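# Survey of secondary and tertiary structure
Single-letter residue listing:
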Amino acid sequence: LNGSVENVKAEQKRLDQELDFIMAQQQELEEMLKPLEEAVNSSNLGSRQLQQADKERDSTFKLAKDIDGQLKQMVQDLKSIIDHLNTANTQQQDNEDPIAQIAKILNAHMNSLQWIEQNSGFLQRKVDEIARLSETRRKEQERNFRLAFD
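Residues numbered from 1 in each chain as written. Predicted model: local features only at pLDDT ≥ 70, side-chain atom pairs only at ≥ 80, totals over all residues. Heavy atoms only, no water.

## A few points about the overall build of the protein chain
Convention followed: Put simply, DSSP marks the helices as runs of H or I at least four residues long and the strands as runs of E at least two long, and each gets a number from the N terminus on. Buried residues are those whose accessible area, probed at 1.4 Å on protein chains only, stays under 20% of the maximum for their type, while exposed residues exceed 50% and partly exposed ones sit between those limits. Calculation of accessible area relied on Shrake-Rupley with a 1.4 Å probe; when residues are assessed, cover is drawn exclusively from the protein chains displayed.
The number of helices and strands found in the protein chain is two helices and zero strands. Residues classed as buried in the protein chain amount to 1% of the 150 residues present. Surface exposure of the protein chain reaches about 14,200 Å², of which carbon and sulfur atoms provide 57%.

This is the structure:
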């Protein structure tokens, strides 16, 4: 009985040593896994942050597109308002403002005077050319006349 107890104690001691060895390996394994778990957690956190950043980027892009569309529409609206105001202002000035009416008359006179000036210059060149040709023919006729009577 004493031998059996000694055998059991020896087995118990051997089992305790094996358990200590296994626990040491377990602790070593846990220590090796801690950096890996932290890396996985941080990468999950990083990927979650990236996903959140992607969502924010998409929403910002959509918002920018909406604002751009609204700005383009506002530009078109402003252009049409300006055109309408210019048209109304021009018609009102033309019909009511005596200074605008006088300016229109003076502009028409100025255009007529410019046309007359351009055409008178053209006519003057033509008259000069005809006078030169006439003078040349007159001299030719005089020369022919002198040759005939001399």
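## What about the pattern of salt bridges?
Stated precisely, the cut-off is as follows: We define a salt bridge as a contact between a side-chain nitrogen of Lys or Arg and a carboxyl oxygen of Asp or Glu at a distance within 4 Å.
Going through the model one piece at a time under the given rule, you end up with five salt bridges. Here Arg138 makes a salt bridge to Glu135, at a shortest N to O gap of 2.2 Å. Of the two residues, Arg138 and Glu135 both sit in helix 2 (residues 98–149), three residues apart, roughly one turn of that helix. Residue classification places Arg138 among the partly exposed residues on the basis of a relative accessible area of 38%.

## Re a negative patch on the surface
Stated precisely, the cut-off is as follows: Exposure above 30% relative accessible area and the lack of any salt bridge qualify a residue for a patch; like charges then connect within 9 Å, and the nonpolar side chains Val, Leu, Ile, Met, Phe, Trp and Tyr within 5 Å. When charges are counted, Lys and Arg contribute as positive and Asp and Glu as negative, whereas His and the chain ends are disregarded. Charge positions come from single atoms, namely NZ of Lys, CZ of Arg, CG of Asp or CD of Glu.
Taken together, the side chains of Glu28, Glu30, Glu31, Glu37 and Glu38 present a region of like negative charge at the surface. Structurally, the position occupied by Glu30 is in helix 1 (residues 2–96). Residue classification places Glu30 among the partly exposed residues on the basis of a relative accessible area of 42%.

## A short note on a nonpolar patch on the surface
A cluster of nonpolar side chains, Leu63, Ile67, Leu71 and Met74, forms an exposed patch at the surface whose accessible area comes to about 380 Å². Among the structural elements, Ile67 can be located in helix 1. The class of Ile67 is partly exposed, set by a relative accessible area of 40%.

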